[in-house]
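Given next are the chains, with one letter for each unit.
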Amino acid sequence: MNIKRISLFSLAVAGSLFLASCGNSNNTENHNDMDHEHHEGMEHDHSSHQHSESNERNVSSNSGELKGDLTSIMSSYFSLNESLVKDNASSAAKSSENLVGALKTFKGTGLTVEANKEVSEILESAIENAEHIASNSDDIDHQREHLVSLSTDIKDLIGIIGTKQKLYEDYCPMANNNEGAIWISNKEEISNPYMGSSMPKCGKVNRVIE
Amino acid sequence: MKKTLKWFFIVGLITLVGIQFIPADVNKQEVITTSDIRHVYDVPENVINILENSCYDCHSNNTNYPWYSQVQPIRLIMDHHVEEGKEELNFSEFANYSERRKRNKMRAISEQIEKSKMPLPSYLWLHSDANLSNEEKKILMDFISSLKN
């Protein structure tokens, strides 16, 4: 009887921890913000960023003209994420192959020397990450590991180049071995590429990019 | 039947002798490069020792070749491993990576170690001394997380 009660209790504790870590509800928001702050601190590049990074959910805007056309990069990236949401590693690999092609042909325009250097570093890193995703069609965990840094690359690229499309920077505290990770989406609704079908709705919108 | 077996053996032997003449790559710079990771971060001595013992054979410009590396086709397989390993991550060229890539690499290293994907099982088969103990893993992981702050 006693053992039964203890296991019921631990089940309840585990359940509430589980819910708390998946940040959809309001009462977990503070916790998530702290998580996010920590995360940003780690992922933050020391070199220049074109957009301001605040933890408040402000709408950030890329004022001025676009510095290039990200359409094909973004569409491959979105289809990669969709495949990962569906736990489909081989289709993720195919989308990532397209993404490699799109990244390799991308050219920025009207960039300062400094921004140009950063863009080439972002592209180099993004290509490396996308190539890994493309060549690991049998290892979805490894694909998702590379999605963590790929998504940071994509976010930073958008920060410099700009976008006409309304985009969302989403955040899941459980991704990346519970260290948390972001991804970019073109829909307000959350569909989580890191957790896939086990927890497709885990996460929240960190920021609207437009 | 006996004859076929004999020919099979002879051809095999000739091939085995023949491939010994395939030239081998030599990945030996003999010096610690100025772009080595120890010049990028403040890397503690014990971390360097672990890296050199368990990682540098494939992830640096200096491979420590064992005697059987002189035998083909072992050397061919080894050369291929070293080439691939260096392309993924080269501790001797670490300073030449952009900040972004350095960060990616450190994160990837910690993941590979945590999940025991590295060092490769096929490498450990002949290099059991390169196997990372839990203590060594912790030393590496602690070092990597210290870089994030």
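Predicted, not measured: the structure shown is a model, and the values here were computed from it. (Residues numbered from 1 in each chain as written. Chains lettered and ligands numbered in written order. Predicted model: local features only at pLDDT ≥ 70, side-chain atom pairs only at ≥ 80, totals over all residues. Heavy atoms only, no water.)

1. Section: the overall build of chain B
Inference 1: Across its full length, chain B holds 7 helices and 0 strands.
Inference 2: Walking chain B from its N terminus toward its C terminus, one meets helices and strands in the order α-α-α-α-α-α-α.
Inference 3: Taking 2.2 N^0.38 as the reference for a compact globule, 149 residues should give roughly 15 Å; the C-alpha atoms of chain B span a radius of gyration of 19 Å, well beyond that estimate.
Inference 4: Along the first, second and third principal axes, the C-alpha atoms of chain B reach 70 × 30 × 25 Å. (Helix = DSSP H or I, 4+ residues; strand = E, 2+ residues; numbered from the N terminus. Rg over C-alpha atoms; globule rule 2.2 N^0.38 Å.)

2. A closer look at the packing of helix α3 (residues 71-85) of chain A against helix α4 (residues 89-105) of chain A
Relative placement of two packed helices is described by the angle separating their axes and the distance separating the axes.
Residues and elements named next belong to chain A.
Inference 1: α4 packs onto α3 with a crossing angle of 165° between their chain directions and a minimal axis gap of 8 Å. The pairing of α3 with α4 is recorded here as roughly antiparallel in orientation. Crossing of α3 over α4 shows left-handed handedness. Between α3, through Ser72, Ile73, Ser76, Tyr77, Ser79, Leu80, Ser83 and Leu84, and α4, the contact on the second element is made entirely by Ser91, Ala92, Ser95, Ser96, Asn98, Leu99, Ala102 and Leu103.
Inference 2: Of the residues belonging to the contact of α3 with α4, the class tally is 8 nonpolar, 8 polar and no charged. (Axes fitted to C-alpha atoms, helices over the stretch in contact; angles between N-to-C directions. Parallel < 35°, antiparallel > 145°, perpendicular 65-115°, else oblique. Left-handed = near helix turned anticlockwise from the far one by under 90°. Contact = heavy atoms within 4.5 Å. Nonpolar A, V, L, I, M, F, W, Y, C, P; charged D, E, K, R; others polar.)

3. Overview of the pattern of salt bridges
Opposite charge on two side chains permits them to pair, given that their charged atoms come into close proximity.
Inference 1: Tallying each qualifying case throughout the model produces 20 salt bridges over all chains.
Inference 2: Notably, a salt bridge pairs Asp156 of chain A with Arg100 of chain B, separated by 2.9 Å at the nearest N-O pair. Here Asp156 of chain A is found in helix α6 (residues 140-161), whereas its partner Arg100 of chain B is found in helix α5 (residues 99-114) on a different chain. Across this residue pair, the class does not change: Asp156 of chain A and Arg100 of chain B are buried.
Inference 3: Several salt bridges share partner residues, and in doing so they unite Glu118, Asp153 and Asp156 of chain A together with Arg100 of chain B into one network. (Salt bridge = Lys/Arg side-chain N within 4 Å of Asp/Glu carboxyl O. Buried < 20%, exposed > 50% of the residue type's maximum accessible area, 1.4 Å probe, protein only.)

4. Looking at the nonpolar core
Inference 1: The biggest cluster of nonpolar side chains holds 45 residues, and the ones touching the most others in it are Ile73, Met74, Tyr77, Leu150 and Ile184 of chain A.
Inference 2: Looking at this core, the elements with two or more residues in it are α3, α4, α5 (113-135), α6, β2 (167-172) and β3 (181-185) of chain A.
Inference 3: With 9 residues, the top contributor of residues to this core is α6 of chain A.
Inference 4: Contacts of Ile73 of chain A, omitting those with residues within four sequence positions, involve Leu99, Ala102, Leu103, Phe106, Ile154 and Leu157 of chain A.
Inference 5: Ranked by size, the runner-up nonpolar core spans 19 residues in total, among them Ile48, Ile109, Ile113 and Leu132 of chain B. (Core = buried A, V, L, I, M, F, W, Y, C linked by side-chain atoms within 4.5 Å.)

5. Concerning the environment of His127 of chain B
Residues and elements named next belong to chain B.
Inference 1: Note on placement: His127 falls in the loop between α6 (121-124) and α7 (134-148).
Inference 2: Separated by 73 residues in the primary sequence, His127 and Ser54 have C-alpha atoms spaced 8.7 Å apart.
Inference 3: Residues in contact with His127, not counting those within four places in the same chain, are Asp57, Pro66 and Tyr68.

6. Description of the packing of aromatic side chains
Residues and elements named next belong to chain B.
Inference 1: Summed over the entire model, instances satisfying the criterion amount to 8 aromatic pairs over all chains.
Inference 2: Ring centres of Trp67 and Tyr68 lie 5.4 Å apart, and the angle between their planes is 85°; on these two criteria the pair is classed as edge-to-face.
Inference 3: Overall, Trp67 belongs to the exposed group, its relative accessible area being 69%.
Inference 4: Relative to Phe94, the ring of Phe91 has its centre 6.4 Å away and its plane inclined at 20°; by these criteria the two rings are stacked. Of the two residues, Phe91 and Phe94, neither departs from the other in class, the shared state being buried.
Inference 5: Through successive ring pairs, a cluster of aromatic residues spans Tyr41, Tyr56, Phe91, Phe94, Tyr97 and Phe143.
Inference 6: The side chain of Arg75 reaches across the aromatic face of Tyr65, ending 3.9 Å from its centre.
Inference 7: In this structure, Lys105 is placed above the aromatic ring of Tyr97, and the distance from its NZ or CZ to the ring centre is 5.7 Å. (Phe/Tyr/Trp six-rings, centres within 6.5 Å; stacked < 30°, edge-to-face > 60°. Lys NZ or Arg CZ within 6 Å of the ring centre and 35° of its normal.)

7. Brief notes about the interface of chain B and chain A
Accessible area lost during the coming together of the parts is what is often quoted as the interface size.
Inference 1: Every contact between the two is made by 15 residues of chain B and, on the other side, 23 residues of chain A.
Inference 2: Summed over both sides, the interface of chain B with chain A buries roughly 1700 Å², with 32% coming from carbon and sulfur.
Inference 3: At the boundary of chain B with chain A, the tally comes to 12 residue pairs in polar contact (both at pLDDT 80 or more). (Buried area = accessible area lost by both parts, 1.4 Å probe. Polar contact = N/O pair within 3.5 Å; in protein donor to acceptor, adjacent residues only side chain to side chain.)

8. Concerning a negative patch on the surface
Inference 1: Together, Asp25, Glu83, Glu84, Glu87 and Glu88 of chain B make up a negatively charged patch on the protein surface.
Inference 2: Counting through the fold element by element, Glu84 of chain B comes out in helix α4 (residues 74-88). (Patch = residues over 30% accessible without salt bridge, like charges linked within 9 Å, V, L, I, M, F, W, Y side chains within 5 Å. Areas by Shrake-Rupley, 256 points an atom, 1.4 Å probe, with all protein chains shown as cover. Lys, Arg positive; Asp, Glu negative; His and termini not counted. Charge placed at Lys NZ, Arg CZ, Asp CG, Glu CD.)

9. With respect to the side chain of Ser96 of chain A
Inference 1: Positionally, Ser96 of chain A belongs in helix α4.
Inference 2: Setting aside residues up to four positions removed in sequence, Ser96 of chain A forms contacts with Leu80, Ala130, Ile133 and Ala134 of chain A.

10. Describing helix α2 (residues 45-54) of chain B
Residue and element names in this part refer to chain B.
Inference 1: Looking only at α2, the buried set comprises Val47, Ile48, Ile50, Leu51 and Ser54. Across the axial projection of α2, the buried residues extend over an arc of 165°, all falling on one side.
Inference 2: At its buried positions, α2 is contacted by α3 (56-59), α6 and α7. (Arc of directions from axis to C-beta.)

11. Here we look at the environment of Gly68 of chain A
Residue and element names in this part refer to chain A.
Inference 1: Looking at where Gly68 falls in the secondary structure, it is placed in the loop between β1 (59-60) and α3.
Inference 2: Exposure remark for Gly68: the relative accessible area of 15% places this residue in the buried category.
Inference 3: Between the C-alpha atom of Gly68 and that of Leu80, which follows or precedes it by 12 residues, the distance is 21 Å.
Inference 4: In contact with Gly68, not counting residues within four places along its chain, are Phe106, Lys107, Thr109 and Ile161.

12. With respect to the side chain of Asp170 of chain A
Residue and element names in this part refer to chain A.
Inference 1: With respect to the helices, strands and loops of the structure, Asp170 is situated in strand β2.
Inference 2: Put simply, Asp170 is tucked away with no salt bridge, and the nearest opposite charge, on Lys187, sits 9.7 Å away.
Inference 3: Apart from the residues lying within four places of it in its own chain, the contact partners of Asp170 are Ala181, Ile182, Trp183, Ser185, Ile190, Lys204, Val205 and Asn206.

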